[in-house]
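Residues per chain are reported as follows:
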Amino acid sequence: DELAAIYVLSEVCPPLVKQDDQFKKGYNNLLKDYLPQEKTPDVALKKLVKESSFKGALKQARADAKTAGDKGNLKVCSDVMKSLSAH
């Protein structure tokens, strides 16, 4: 599930990127794109993460992030930061 992957970015990116504020802005834009019906998409995603039906997707997304390693994750994190300029 893409929302699980997006959530995992919030876990792996902050320690990898130096421009934390820029990442947060890009991350929030990404959330708005995936959850346009939500007034507070970050809160909605945090609620979703706690649901048992979401646990499998979250576990898979964390495994994928671990497999990608810091280098692969840093590229994705950088892409999230760059997405800021698209909005």
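Located above this text is the structure these notes cover.
Predicted model, so just to flag it, every value in this text is computed and none were measured. (Residues numbered from 1 in each chain as written. Predicted model: local features only at pLDDT ≥ 70, side-chain atom pairs only at ≥ 80, totals over all residues. Heavy atoms only, no water.)

Trainee: How should the pattern of salt bridges be read in this particular structure?
Mentor: As a working rule, side chains carrying opposite charge can pair if their charged atoms are close by. Applying the stated rule across the entire model yields three salt bridges. Its salt-bridge partner being K24, residue D20 comes within 3.3 Å of it at the nearest N-O pair. Here K24 and D20 lie together in helix α2 (residues 20-34), a separation of four residues that amounts to about one turn. Residue classification places D20 among the partly exposed residues on the basis of a relative accessible area of 25%. The partner of D79 in a salt bridge is K75, with the nearest N and O atoms 3.3 Å apart. Placement of the pair is D79 and K75 together in helix α4 (residues 55-82), with a separation of four residues, close to one helical turn. A residue is classified by how much of its surface remains accessible, and K75, at 53% relative accessible area, is exposed. (Salt bridge = Lys/Arg side-chain N within 4 Å of Asp/Glu carboxyl O. Helix = DSSP H or I, 4+ residues; strand = E, 2+ residues; numbered from the N terminus. Buried < 20%, exposed > 50% of the residue type's maximum accessible area, 1.4 Å probe, protein only.)

Take it as geometry only, folks, not as evidence of what the structure does.
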